[in-house]
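# What the coordinates show
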There are 2 protein chains.
Amino acid sequence: MKKSLSDIDFAKGDGLVPVIVQDVNTKDVLTLAYANKESLELTKKTGNSWFWSRSRNKLWMKGEESGNVQKVRQILVDCDSDAIIYLVEPTGPACHTGEKVCFHNKLD
Amino acid sequence: MKKSLSDIDFAKGDGLVPVIVQDVNTKDVLTLAYANKESLELTKKTGNSWFWSRSRNKLWMKGEESGNVQKVRQILVDCDSDAIIYLVEPTGPACHTGEKVCFHNKLD
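Everything quoted here is computed from the prediction, not taken from an experiment.

## Here's the deal with the interface of chain B and chain A
For an interface, size is often stated in terms of accessible area lost upon the parts coming together. The interface is formed by 38 residues belonging to chain B together with 38 residues belonging to chain A. Roughly 3,600 Å² of surface becomes buried between chain B and chain A when both sides are summed, with 60% attributable to carbon and sulfur atoms. Taken as a group, Phe103, Asn105 and Leu107 of chain B account for 22% of the area that chain B buries against chain A, more than any other trio of residues on that side. The interface formed by chain B and chain A contains 22 residue pairs in polar contact (both at pLDDT 80 or more).

## Focus on the sheet that holds strand β2 (residues 17–23) of chain A
As summarised here, the arrangement of the six strands in space is β1(A)-β8(B)-β6(A)-β7(A)-β2(A)-β3(A), forming an open sheet in which the pairing is mixed. The strands lining the two open edges of the sheet, one partner per strand, are β1 (2–3) and β3 (29–35) of chain A. Across two bridges, the pairing between strand β6 (residues 70–77) of chain A and strand β8 (residues 105–107) of chain B is antiparallel. For Val77 of chain A, the partnering residue across the bridge sits in β8 of chain B and is Asn105 of chain B.

## Digging into the side chain of Asp23 of chain A
Residue and element names in this part refer to chain A. Its place among the elements puts Asp23 in strand β2. There is no salt bridge for the buried Asp23, and the closest opposite charge comes from Lys100, which lies 6.5 Å off by N-O distance. Aside from chain neighbours lying at most four places away, what touches Asp23 is Asp28, Leu30, Val88 and Pro90.

Criteria and cut-off values
- Residues numbered from 1 in each chain as written.
- Chains lettered and ligands numbered in written order.
- Predicted model: local features only at pLDDT ≥ 70, side-chain atom pairs only at ≥ 80, totals over all residues.
- Heavy atoms only, no water.
- Contact = heavy atoms within 4.5 Å.
- Buried area = accessible area lost by both parts, 1.4 Å probe.
- Polar contact = N/O pair within 3.5 Å; in protein donor to acceptor, adjacent residues only side chain to side chain.
- Pairing = 2+ DSSP bridges.
- Helix = DSSP H or I, 4+ residues; strand = E, 2+ residues; numbered from the N terminus.
- Buried < 20%, exposed > 50% of the residue type's maximum accessible area, 1.4 Å probe, protein only.
- Lys, Arg positive; Asp, Glu negative; His and termini not counted.
- Salt bridge = Lys/Arg side-chain N within 4 Å of Asp/Glu carboxyl O.

Spelled out as structure tokens, the structure:
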């Protein structure tokens, strides 16, 4: 099914939806981040992954400092329109620690 | 790296962390849901996927009504300990709509 930006339920998360960033080729889950409406619009417009930083309270583009941009090949929306997947082709590691993915820890 | 339950940052999300449910074999992302500390404990203890329902305000086990339980093979934690992956072997569809995954919509 097709959904549009106006279908997304931003209200439930106080203006934000969680975004799962998944490698379109390996299917590795790289990161979980958050998007507001503007970051989704920027992602659609530019083809790079944009988010809303909860800690810095600002829009950010993945790779804006590191150069490790993510090319967004598809955006998926879940059944109740309150969560998103960016399917991306990453450039370099996704994690600020230098690891390829942010989920590099096992729960004991 | 190993992390333990006490490392998880529940405070940032008012007691909840987002949980990405990923098929351990196909690597499909099935669902995004939420967990509080108790649901993580139940998941670890029982081996089935437990969550906190924000809409019904209660603990729930995936499949408790449908029978489509998810066997959790591994729990991963991200770099800043505020997001989780359950790697699962699903029984039946993950989505309440009957679709295999909840992310069955493309953003136009």
